[in-house]
Amino acid sequence: MLQSQLASFAWSDMEGKAPNRLELFKHLLAMGFSAQLIRQLIEKMPAQYQAEVAVKWARSALAHNLKCADADREVMDRGGIFALVGPTGVGKTTTVAKLAARATMRFGAQHVALITTDSYRIGAQDQLRIYGKILGVPVFSIQNEGDLQLTLADLSNRHIVFIDTVGMGQRDARVLAQIDMLRTAGRPIERLLLLAANTDGHTLEDVVKRYRGDGLSGCILSKIDEAVAQGPSLDVIIRNRLKLYYVTNGQRVPEDLHSANAAFLVDRAMRAQQIASPFALQADEMSIMQAAQAGWL
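How each quantity is defined
- Counting restarts for each chain, with residues numbered from 1 along the sequence as it is written.
- A pLDDT threshold of at least 70 governs which residues receive local features in this predicted model, and a stricter bar of 80 or more applies before side-chain atom pairs are shown or counted, although totals over entire chains, interfaces and linings include all residues.
- Calculation of side-chain values draws on the structure's entire complement of heavy atoms; hydrogens and water are dropped beforehand.
- In short, DSSP must find at least two bridges between two strands for them to pair.
- Per the convention used, a helix needs a DSSP run of H or I reaching at least four residues, while a strand needs a run of E reaching at least two, with both numbered from the N terminus.
- Simply put, an axis is a line fit to the C-alpha atoms, just over the touching stretch for a helix, and the angle between two N-to-C directions goes from 0 to 180 degrees.
- Residues are treated as being in contact if the distance between any of their heavy atoms lies within 4.5 Å.
- One fewer than the residue count of a helix, multiplied by 1.5 Å, yields its expected span.
- Exposure is judged per residue with a 1.4 Å probe applied to protein chains only, and the accessible area is read against the type maximum: over 50% gives exposed, under 20% gives buried, and values in between give partly exposed.
- Nonpolar core, defined: a set of buried Ala, Val, Leu, Ile, Met, Phe, Trp, Tyr and Cys residues in which side-chain atoms within 4.5 Å join the residues together.
- Only protein atoms enter the 1 Å grid used here, on which a cavity is any set of points holding a 1.4 Å probe that cannot leave and a pocket is any open set flanked by protein within 12 Å on both sides along at least five of seven lines; residues with an atom within 4 Å of a point are listed as lining.
- Grid points are joined across faces, edges and corners, and a volume is the space filled by probe spheres set on the points.
- Here the term charged refers only to Asp, Glu, Lys and Arg, the term nonpolar to Ala, Val, Leu, Ile, Met, Phe, Trp, Tyr, Cys and Pro, and the term polar to all other amino acids, Gly among them.
- Criterion for a salt bridge: a side-chain nitrogen of Lys or Arg within 4 Å of a carboxyl oxygen of Asp or Glu.
- Clockwise travel from the first strand over the helix to the second, with the strands pointing away from the viewer, marks a crossover as right-handed.
- An angle counts as roughly parallel when it lies under 35 degrees, as roughly antiparallel when it exceeds 145, as roughly perpendicular when it falls between 65 and 115, and as oblique in every other case.
- The handedness criterion is simple: a crossing whose near helix is rotated anticlockwise from the far helix by less than a right angle is left-handed, and one whose near helix is rotated clockwise is right-handed.

### Here we look at the sheet that holds strand β7 (residues 244-248)
In step 1: Taken in spatial order, the eight strands of this open sheet run β3-β2-β4-β1-β5-β6-β7-β8, and their pairing is mixed. With one partner strand each, in any of the chains shown, β3 (139-141) and β8 (257-259) form the two edges of the open sheet. Across this sheet, the average inter-strand angle for adjacent strands is 25°, counted without regard to direction.
In step 2: Here β7 runs beside β8; their pairing, made up of three bridges, is antiparallel. In the sheet register, Tyr-246 faces β8, and the bridge partner there is Ser-259.
In step 3: Relative to the sheet, helix α8 (residues 145-154) contacts β1 (80-85), β2 (112-116), β3 and β4 (160-164), its axis offset from that of β2 by approximately 175°.
In step 4: Across the sheet, helix α9 (residues 174-183) touches β1, β4 and β5 (190-196), and the angle it forms with β1 is around 175°.

### What about helix α6 (residues 92-107)?
In step 1: The first and last C-alpha atoms of α6 sit 22 Å apart over 16 residues, in line with the 22 Å expected at 1.5 Å per residue.
In step 2: For α6, the tally of buried residues reaches 13 of 16 residues, placing the bulk of the element in the interior.
In step 3: Immediately downstream of α6, the backbone of Gly-108 shows phi near 100°, a positive value.

### Side note on the nonpolar core
In step 1: Grouped together as the largest cluster of nonpolar side chains are 62 residues, with contacts concentrated most on Phe-33, Leu-148 and Leu-195.
In step 2: Here this core takes six residues from helix α4 (residues 51-65), the largest share from any one element.
In step 3: Look past the residues within four positions of Leu-148 in its chain and what remains in contact with it is Ile-115, Ile-142, Ile-163, Met-181, Leu-182, Ala-185 and Ile-189.

### Some details on the layout of surface pockets
In step 1: Considered as a void within the structure, the second largest pocket measures approximately 340 Å³ in volume.
In step 2: Contributing to the lining of the second largest pocket are 13 residues, with Leu-37, Gln-40, Asn-65, Ile-238 and Arg-241 lying nearest its centre.
In step 3: Contributing elements (two or more residues each) for the lining of the second largest pocket: α3 (35-44), α4 and α11 (231-239).
In step 4: Considering each element in turn, the lining of the second largest pocket owes the most residues, five residues, to α3.
In step 5: Looking at the lining of the second largest pocket residue by residue, the class counts come to six nonpolar, three polar and four charged.

### Things to note about the pattern of salt bridges
In step 1: The tally for this structure, following the rule as stated, stands at 15 salt bridges.
In step 2: Note that Asp-72 is salt-bridged to Arg-106, the shortest N-O span being 3.8 Å. Pair noted here: Asp-72 is in helix α5 (residues 71-77) and Arg-106 is in helix α6, with a separation of 34 residues, a long-range link.
In step 3: Overall, Asp-72 belongs to the partly exposed group, its relative accessible area being 23%.
In step 4: Here Asp-267 and Arg-271 are joined by a salt bridge, their closest N and O atoms 2.9 Å apart.
In step 5: Beyond isolated ion pairs, a larger network of salt bridges with shared partners links Asp-70, Arg-73, Glu-74 and Lys-243.

### Structural notes on the pairing of strand β6 (residues 216-222)
In step 1: With six of seven residues buried, β6 lies mostly within the body of the structure.
In step 2: Across six bridges, β5 lies against β6 in parallel orientation. Following the sheet pairing, Leu-194 is matched in β6 by Ile-220.
In step 3: Tracing the backbone out of β5, into helix α10 (residues 201-211) and back to the parallel element β6 gives a crossover that is right-handed.
In step 4: As a crossover connection, the stretch from β6 through α11 into β7 is right-handed.

### Considerations on the side chain of Thr-95
In step 1: In this structure, Thr-95 sits in helix α6.
In step 2: Thr-95 gets classed as buried once you look at its relative accessible area, which sits at 2%.
In step 3: Contacts of Thr-95, omitting those with residues within four sequence positions, involve Leu-84, Leu-194, Ile-220 and Thr-248.

### Some remarks on the side chain of Thr-248
In step 1: Note that Thr-248 resides in strand β7.
In step 2: Those residues within four positions of Thr-248 in sequence are excluded, and the remaining contacts are Thr-95, Lys-98, Ile-220, Leu-221, Ser-222, Lys-223, Ile-224, Asp-225, Asp-256 and Leu-257.

### Let's talk about the packing of helix α2 (residues 19-30) against α4
In step 1: Direction vectors running N to C along α2 and α4 enclose 55°, while the axes themselves pass 10 Å from each other. Taken together, the axes of α2 and α4 lie oblique to each other. In terms of crossing hand, the pair formed by α2 and α4 is right-handed. Taking contact as the criterion, the partners of Leu-24, His-27 and Leu-28 in α2 are, on α4, Ala-54, Val-55, Ala-58 and Leu-62.
In step 2: Broken down by class, the residue content of the contact of α2 with α4 amounts to six nonpolar, one polar and no charged.

Take a look at the structure:
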């Protein structure tokens, strides 16, 4: 009760002393950004910034902190072995096909290979094999760590290899086993975490926490076309200091794969269309939410 009361007092104090910061707080909260990230931003915002100037400053600060990689240089040109990991249903197999198609067009099919570890889902391997057949790229199926080591040894002459891993919930005990298998494969494997933009921020935060481990190079943001609010996914990427390589916005292979651009993504998040939602807060309910969150902690 004391924590809730103190949080409510702090909100009222901000409303009286720094109304410009309060308005920016409300605006960013409506865009889906977390209270933690917003607090860090408004603490650094110059006191004289008001209204549109404050929003413009926030947009610039967010874009500066969203670390986007030069994906074509760091993935395609550099080459290596990349394993796409993440929960079920985030689009790993389709994204692997998109990456393989881009690499094939750039280097030729003889320099690209695909590996699948997904022997659980019905038709999962067949799906990747169909993509491989279309591209003229070999697809190898592995069952365990030994198979992976032997297969990678045989593919040492390939410029780039993509691994489609088994999708599993972030709280599945097998996640750690998967990380260990990739870490002890005999050759360095860079893991790219797929995050679905249409997932709520609480779940995305948990996914990053569970999948992080050693060897996580960065992430790919999928399904940005399905997300009502872009703020939660960008918030999780910024706060966890993940490097963003690509974004995907559809099922077409390889058209719907794009290099990440911080300015574009932040602008998209800040211009999110406000729709009538039962989860939207009214102005006088903001302090209640802040107090409630403080009480949960």
